[in-house]
Amino acid sequence: MPVPSTLVVEDGAPDFTTPDVDKVEDHLRRGLCHLCGEKLRAEIGFVGGVVSMNTGMFRDGPVHLECGRYSFFACPFVSGRKEAYRYIRPDRVISHQQATPHRPEHMGLWVTDGFSTLGARERLQFIAHAALRVEWDCEIHHRFATIHD
Ligand SMILES: [Zn+2]
């Protein structure tokens, strides 16, 4: 399983619930994909649930389109293979208070050409530019039906 390059890693084990704020800021400064850590291209994507798709605001940073599509399958949260987050550390509760404990009904990939940010550190949010298009998980699942089934 690929590990997003912005996660907190403890004793070699990535914590899928916790982005490392220093890594996130470093990724932003250098224009890197928040999943694979490689340079972003002109078209970027944001992965989020229905609320994010209505507002254009995201908790997770910009990713390559293919990384976002892949995360529908690879990430234990986004793919829905795990029903809820694993153990949530009490000392990290602040960064989780806005996180959804269960997978949203539908996940989408917001495809755009830029973004701005709001807040900082644990409260950082991403405001995407207007969507060029939105790819929904159901479409992705259709497209990759042979893999998914
Ligand atoms: Zn990537």
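Residues numbered from 1 in each chain as written. Predicted model: local features only at pLDDT ≥ 70, side-chain atom pairs only at ≥ 80, totals over all residues. Heavy atoms only, no water.

Undergrad: Please set out the coordination of the zinc ion residue by residue, giving values where relevant.
TA: For the zinc ion, the protein coordination sphere consists of Cys-33 (SG), Cys-36 (SG), His-64 (ND1) and Cys-67 (SG), at 2.1 to 2.3 Å. One way to put it: the four donor atoms around the zinc ion meet at angles of 97 to 117 degrees, and that makes the site tetrahedral. For the zinc ion, all donor residues lie on one chain, and their spacing in sequence is C-x2-C-x27-H-x2-C. Of this pair, Cys-36 sits in the loop between helix H1 (21-30) and strand E3 (44-48) while Cys-67 sits in helix H3 (residues 65-74), placing them 31 residues apart in sequence. (Donors = N, O, S within 2.8 Å, 3.2 Å for Na, K, Ca; no water. Tetrahedral: all angles 85-135°; square planar, octahedral: opposite > 155°, others 65-115°. Helix = DSSP H or I, 4+ residues; strand = E, 2+ residues; numbered from the N terminus.)

Undergrad: Kindly report on the sheet that holds E3, identifying the contributing residues and their values.
TA: Overall, antiparallel pairing links the three strands, which are arranged E3-E5-E8 in an open sheet. Every interior strand has two partners, whereas the edge strands, E3 and strand E8 (133-136), have only one. Each strand axis lies, on average, 25 degrees off the axis of its neighbour in the sheet, ignoring direction. Pairing geometry for E3 and strand E5 (residues 108-112), over five bridges, is antiparallel. Bridging from a neighbouring strand, Phe-46 pairs with Trp-110 of E5. (Pairing = 2+ DSSP bridges. Axes fitted to C-alpha atoms, helices over the stretch in contact; angles between N-to-C directions.)

Undergrad: Any chance you could break down the side chain of His-27 for me, citing the residues and the numbers?
TA: Summarising the element assignment, His-27 is placed in helix H1. Look at His-27 and you get buried, because its relative accessible area is 7%. Setting aside anything within four residues of it in sequence, one finds His-27 in contact with Ser-5, Thr-6, Leu-32, Cys-33, His-34 and Gly-37. (Buried < 20%, exposed > 50% of the residue type's maximum accessible area, 1.4 Å probe, protein only. Contact = heavy atoms within 4.5 Å.)

Undergrad: Describe the pattern of salt bridges, listing the residues and the values that go with them.
TA: Tallied over the entire structure, the rule returns eight salt bridges. The closest approach of N and O atoms between Arg-41 and Glu-66, which form a salt bridge, is 2.8 Å. On the criterion of sequence distance, the pair formed by Arg-41 in the loop between H1 and E3 and Glu-66 in helix H3 is long-range, its members being 25 residues apart. For the salt bridge of Arg-69 with Glu-135, the shortest nitrogen-to-oxygen distance reads 2.8 Å. You can see Arg-69 sitting in helix H3 and its partner Glu-135 sitting in strand E8, a full 66 residues away along the chain. In this structure Glu-135 comes out as buried when scored by relative accessible area, which is 4%. A single network of salt bridges, built from pairs that share partners, joins Glu-43, Arg-69, Arg-133 and Glu-135. (Salt bridge = Lys/Arg side-chain N within 4 Å of Asp/Glu carboxyl O.)

Undergrad: So what about the nonpolar core? Which residues, and what values?
TA: Formed by 19 residues in total, the largest nonpolar core has its most connected members in Phe-46, Phe-58, Leu-109, Trp-110 and Phe-126. Among the elements of the structure, E3, H3, E5 and strand E7 (125-128) are those that each provide at least two residues to this core. Each residue touching Phe-46, except ones within four places of it in the same chain, is listed here: Met-53, Phe-58, Asp-60, Gly-61, Pro-62, Gly-108, Leu-109, Trp-110, Thr-112, Phe-115, Phe-126 and Ala-128. (Core = buried A, V, L, I, M, F, W, Y, C linked by side-chain atoms within 4.5 Å.)

Undergrad: Quick rundown of the sheet that holds E7? Include the residues and the values.
TA: The three strands are arranged E4-E7-E6 in an open sheet whose pairing can be described as antiparallel. The open sheet has two free edges, formed respectively by strand E4 (57-58) and strand E6 (115-118), since each of these has just one partner strand. Inspection of the sheet shows E4 paired to E7 by two bridges, in the antiparallel sense. Opposite Phe-58, over in E7, you have Phe-126 as the bridge partner.

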